[in-house]
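Structure assessment
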Amino acid sequence: MAKSMSTPWLETTLVDLIAADAAIDDMDDAVSIGSKGATNRKYHHVPKVVQVLSCNPTLRILEISDGQHTIHVFYPAKSGCVSVVEDVGASQLKHSMIKLKNYHVTTTVIAAGDREQDKVAGKISFPFAILCKDFQYIGGHDLEKLNNPTSVNSSTQVKSLIDKQAYRLIVKRLAFRQFNGRYLPQAGTCVSHL
């Protein structure tokens, strides 16, 4: 079962999405996308098999691992994810494998936007998360935690990019590279982009 897991991808994907690009950074928000020379780099997220480290169905949050790094996954109340969690059960999901299908990288603040903040505080990491509209249960609830993954948010490579950049520019890059737009979808409205 562990062999079905995708090769580590969280750090490289995040670095690619938030890397500096003057053409994107210099775009005027009032001007149409692409008019200042930014190349259309719409980032297509292919399905990925990951391990679930924890599941909180009340807050609709998973912590997942790619074997090297972890990140929190938020899922909308009206999504296929809810039925998977209800059918399988939160305790059965722990350490099992799932396939993320319809997802995108966003900020933790945006992803947690439709949750009660006092209940979420202390349970998530910043500044990045994933919004996921659909995932498939693969199995393996009897697996042990694979490797010793650490939060992608504390990755040296990721931190080196975010420590130097304004939050607004990072959000702009995430939006442009994934949706060819100016804004990221808000929590609860994960948009299909495939």
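About the thresholds
- Residues numbered from 1 in each chain as written.
- Predicted model: local features only at pLDDT ≥ 70, side-chain atom pairs only at ≥ 80, totals over all residues.
- Heavy atoms only, no water.
- Buried < 20%, exposed > 50% of the residue type's maximum accessible area, 1.4 Å probe, protein only.
- Helix = DSSP H or I, 4+ residues; strand = E, 2+ residues; numbered from the N terminus.
- Contact = heavy atoms within 4.5 Å.
- Phe/Tyr/Trp six-rings, centres within 6.5 Å; stacked < 30°, edge-to-face > 60°.
- 1 Å grid on protein atoms, 1.4 Å probe; cavity = no way out; pocket = protein on both sides within 12 Å on 5 of 7 lines; lining within 4 Å.
- Points joined across faces, edges and corners; volume = space filled by probe spheres on them.
- Patch = residues over 30% accessible without salt bridge, like charges linked within 9 Å, V, L, I, M, F, W, Y side chains within 5 Å.
- Areas by Shrake-Rupley, 256 points an atom, 1.4 Å probe, with all protein chains shown as cover.
- Salt bridge = Lys/Arg side-chain N within 4 Å of Asp/Glu carboxyl O.

1. Focus on helix α1 (residues 10–18)
For an α-helix, the turn length of 3.6 residues means that residues three or four places apart are oriented alike. Of all nine residues in α1, seven are buried; the element is thus mostly enclosed. Where α1 is buried, its residues meet β2 (61–65), β3 (69–74), β4 (97–107), β5 (128–139), α7 (156–162) and α8 (167–179).

2. Details of the packing of aromatic side chains
Here the structure, examined in full by the defined rule, presents two aromatic pairs. Judged by centre distance (5.9 Å) and plane angle (55 degrees), the rings of W9 and Y103 are tilted. In this pair, W9 is assigned in the segment before α1 and Y103 in strand β4, connecting sequence segments 94 residues apart. You'll find W9 and Y103 in the same group, each marked buried. Geometrically, the ring pair formed by Y75 and F135 is edge-to-face, given 6.1 Å between the ring centres and 85 degrees between the ring planes. With a gap of 60 residues between them, Y75 in the loop between β3 and α3 (80–88) and F135 in strand β5 connect regions that are remote in the sequence. Given the relative accessible area of 2%, F135 is considered buried.

3. Description of empty space enclosed by the protein
Scanning the model with the defined rule gives one cavity of 30 Å³ or more in all. Roughly 40 Å³ of internal volume is contained in the largest cavity. Lining the largest cavity, in full, are W9, L10, T13, L14, I71, V105, I130 and V152. With three residues, the top contributor of residues to the lining of the largest cavity is α1.

4. As for a nonpolar patch on the surface
Together, V109, F126 and Y167 make up an exposed nonpolar region whose accessible area comes to about 330 Å². Within the element layout of this structure, Y167 appears in helix α8.

5. Some details on the side chain of H72
Inspection of the secondary structure puts H72 in strand β3. Residue class for H72 comes out buried when judged on its relative accessible area of 9%. Contact partners of H72, with chain neighbours within four places excluded, come to I61, L62, E63, K123, I124, S125, A129 and I130.

6. Thoughts on the pattern of salt bridges
Counted according to the given criterion, the structure contains five salt bridges. A salt bridge links D21 to R177, with the nearest nitrogen and oxygen atoms 3.7 Å apart. Here the residue D21 occupies a position in the loop between α1 and α2 (22–25), and R177 occupies one in helix α8, the gap between them amounting to 156 residues. Per residue, the accessibility class of D21 equals that of R177, and both read buried. One salt bridge in this structure joins R173 and D25, with 2.5 Å as the shortest N-O distance. In this pair, R173 is assigned in helix α8 and D25 in helix α2, connecting sequence segments 148 residues apart. For the pair formed by R173 and D25, the shared burial category is buried. Bridged by salt links that share partners, the residues R60, D114 and R115 form one connected network.

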